[in-house]
Amino acid sequence: MPRPLVEVSNLTRSCNEALILALLRVGPKHGYQLAFESEQRGGGHFAFKHGTLYPILHKLEQEGLIEGIWSDEGPRGKRKSYALTERGRLYARQQRDSWRALLGHFLGIIGEEA
Amino acid sequence: MDRPSQSERLQDALREIEERLAIPQPARTRVLLELHADLEDLSRLYREQGLPADVAEKRALESLDLSPAALAGLAAVHANPVRRVLDRLSAQARGRIERAALAVVMLSAVGLVLPLVTSGKIFRAAGPFLWPTLALCLLALAVGLIKLYQLYVVQDHTPRRVQGQLHTPLALAAVQVGCGFAGMYGHFFLAYLRSRSAPDESTVHLTRALLGSAGLLTIALLGALISALIWFLAANKAAAIERHEAALRFPRRDASRTVPTAPRQ
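Residues numbered from 1 in each chain as written. Chains lettered and ligands numbered in written order. Predicted model: local features only at pLDDT ≥ 70, side-chain atom pairs only at ≥ 80, totals over all residues. Heavy atoms only, no water.

Engineer: Looking at this structure, how should I read the overall build of chain B?
Structural biologist: Of regular secondary structure, chain B possesses eleven helices and zero strands. Of the regular secondary structure in chain B, the N- to C-terminal order runs α-α-α-α-α-α-α-α-α-α-α. (Helix = DSSP H or I, 4+ residues; strand = E, 2+ residues; numbered from the N terminus.)

Here you go:
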C-alpha cells in the first residue's frame with residue numbers, strides 16, 4: 001500500500017521526513033550534517049535531536065527512498081552518508097506539492113477573519 | 001576526581017547506548033559505527049565554529065539524546081518482519097497465537113507419526129539401535145512428567161525444587177538426536193560390512209540401511225520433540241513462578257499499588 005505523502009495525524013513525522021528529503025536534494029549528506037543544516041536553515045525551529053533523526057533515516061533507507069553509502073576515510077574510519085534515490089526524488093517532489101496544498105488550506109482557514 | 005578525556009567520554013556514551021540498544025547484529029554494530037562517526041564529525045564542526053574542544057564534544061553528545069522512545073524507534077525499524085508483526089499484536093493475542101502454533105505443531109507431529117508407530121513397521125525397521133534411543137526417550141518422558149507433576153499438581157515452588165532437573169529433558173532430547181545419528185552411522189557401517197562379504201546383495205543392504213536409518217531417525221526426532229515440548233512447558237512454568245516471586249520481593253515503583261496475582265495454572 002503506498003504511503004500517504006503527508007499524514008495530518010502525524011505532522012511531526014511527515015515534517016521531519018520532508019525536511020530530510022529536501023536537504024538531500026542537493027547531494028549526499030551525513031546524518032549529523034542533516035541535523036545541523038536543518039537547525040541552521042530553519043532558524044532553530046527544526047532542531048533535530050539525533051535520537052529523532054536516525055530512526056527516520058533508517059526507515060527511509062529501508063523504504064528505498066534514500067540510500068545509505070558507507071565510505072572508508074582512512075584514519076578517520078568509516079563514515080555513512082545518505083543520498084536520494086530516484087524513487088525518493090520523485091516522492092520528495094510529490095510530498096512538497098502535498099505540503100503546499102495542505103498549508104494553503106490551513107492558511108485559508110486560519111487567515112479568515114470573522 | 002579526574003575528568004574523562006574526550007575519547008573516553010565518547011566511548012562511555014557509546015557503551016551506554018550499546019547496552020540499551022535492542023537491535024540484532026549486524027545492524028547493531030552498523031548503527032554504533034554511524035553514531036560514533038557522526039559524533040566525532042559534529043564535535044569537529046563545533047570546534048571549527050570556535051568552541052573549545054571540551055565544550056564541542058559535550059554539545060555533540062547533548063545533541064545525540066537517544067531517549068528510550070528514540071531507541072525503541074530504532075529497534076522497531078531494525079526488527080525482523082516477523083517481530084514487527086508480533087509487536088503490533090497485543091500480549092494477549094500473541095499468547096493465543098503462540099499456544100495455537102504449539103498445538104498445531106504437536107497435533108501435526110502426532111498425526112503424521114502415529115500411523116507409522118501403531119503399525120509397528122517403523123520399530124522393526126529401526127533395528128537394534130532402536131532400544132537405546134527408546135530408553136533415552138522414556139527416561140526424558142519420566143523426568144519431564146515428574147517435573148510437570150511437581151510444578152503444576154503438587155505446586156512445590158521452593159527454589160531448589162523449581163530449578164532441579166528442569167533442563168534434563170532438553171539435554172536428553174539432544175542425546176536422543178545424537179543417538180539417532182549414531183545409529184544411522186551404524187546402519188550404514190553394517191551395510192558396508194555385509195556388502196563386502198556379499199557384493200551382489202549390496203543394493204539390498206543399502207536399501208535396508210536407508211530404511212533402518214529413516215525409521216530410527218524418525219523415532220529419535222519424535223522423542224526429542226516430545227521431550228523438548230515437555231521441557232518448554234516446565235521451563236515456562238518455572239519462569240512464571242520466578243517472575244511472581246520477584247514481583248513479590250521487588251515490586252516496581254509504578255506498580256507498587258498492584259498486588260501481584262498468582263501465576264496462571
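Structure's up, so let's keep going.
Engineer: Would you take a moment to explain the side chain of Ser14(A) for this structure?
Structural biologist: Structurally, Ser14(A) can be placed in helix H1 (residues 11–23). Excluding its chain neighbours within four sequence positions, the residues that come into contact with Ser14(A) are Val6(A), Glu7(A), Gln95(A) and Trp99(A). (Contact = heavy atoms within 4.5 Å.)

Engineer: Explain the interface of chain B and chain A here, please?
Structural biologist: Accessible area lost upon the coming together of the parts serves often as the stated size of an interface. Listed as interface residues are 25 residues of chain B and, on the opposing side, 18 residues of chain A. Between chain B and chain A, a total of about 2,000 Å² is buried, with carbon and sulfur atoms accounting for 58% of that surface. When residues of chain B are sorted by the area they lose upon contact with chain A, Glu34(B), Asp38(B) and Val77(B) head the list and together hold 29% of the total. Counting every contact that joins chain B to chain A gives three salt bridges. Two residues, Lys80(A) and Glu34(B), come together in a salt bridge whose shortest N-O distance is 4.0 Å. Inspection of the chain B/chain A interface yields nine residue pairs in polar contact (both at pLDDT 80 or more). Secondary structure elements with two or more residues in the side of chain B that touches chain A: helix H2 (27–48), helix H3 (53–64) and helix H4 (68–78) of chain B. If one sorts the elements of the side of chain B that touches chain A by residue count, H2(B) sits on top with 13 residues. Of the residues in the side of chain B that touches chain A, the class split is twelve nonpolar, four polar and nine charged. (Buried area = accessible area lost by both parts, 1.4 Å probe. Salt bridge = Lys/Arg side-chain N within 4 Å of Asp/Glu carboxyl O. Polar contact = N/O pair within 3.5 Å; in protein donor to acceptor, adjacent residues only side chain to side chain. Nonpolar A, V, L, I, M, F, W, Y, C, P; charged D, E, K, R; others polar.)

Engineer: I would appreciate a short explanation of the nonpolar core in the present structure.
Structural biologist: Across soluble globular proteins, nonpolar side chains show a tendency to be buried alongside one another. By size, the foremost hydrophobic cluster in this structure holds 43 residues, and its most contacted members are Ile20(A), Leu57(A), Ile66(A), Ile17(B), Leu21(B), Leu35(B) and Leu66(B). At eight residues, the largest contribution of residues to this core is made by H2(B). With near-sequence residues (within four places) excluded, Leu35(B) lies in contact with Tyr54(A), Leu14(B), Ile17(B), Leu64(B) and Leu66(B). Formed by eight residues, the second largest nonpolar core is a distinct cluster that contains Leu148(B), Val162(B), Leu166(B) and Ile241(B). (Core = buried A, V, L, I, M, F, W, Y, C linked by side-chain atoms within 4.5 Å. Buried < 20%, exposed > 50% of the residue type's maximum accessible area, 1.4 Å probe, protein only.)

Engineer: Just checking my understanding: could you explain unusual backbone geometry for this structure?
Structural biologist: Glycine aside, a negative phi is what most residues show, and trans is what most peptide bonds show. Backbone geometry at Gln165(B) places phi at a positive 60°, although glycine is not the residue there. Turning to its location among the elements, Gln165(B) is positioned in the loop between helix H9 (159–163) and helix H10 (168–197).

Engineer: What is the right way to look at the environment of Ile241(B) in this model?
Structural biologist: Residues and elements named next belong to chain B. Residue placement: isoleucine 241 occurs in helix H11 (residues 202–249). Residue class for isoleucine 241 comes out buried when judged on its relative accessible area of 3%. When the C-alpha atoms of isoleucine 241 and glutamine 155 are compared, they prove to be 9.9 Å apart, with 86 residues separating the residues in sequence. Sequence-distant contacts of isoleucine 241, defined by excluding residues within four places in its chain, comprise Leu151, His157 and Val162.

Geometric values such as these leave the question of function open.
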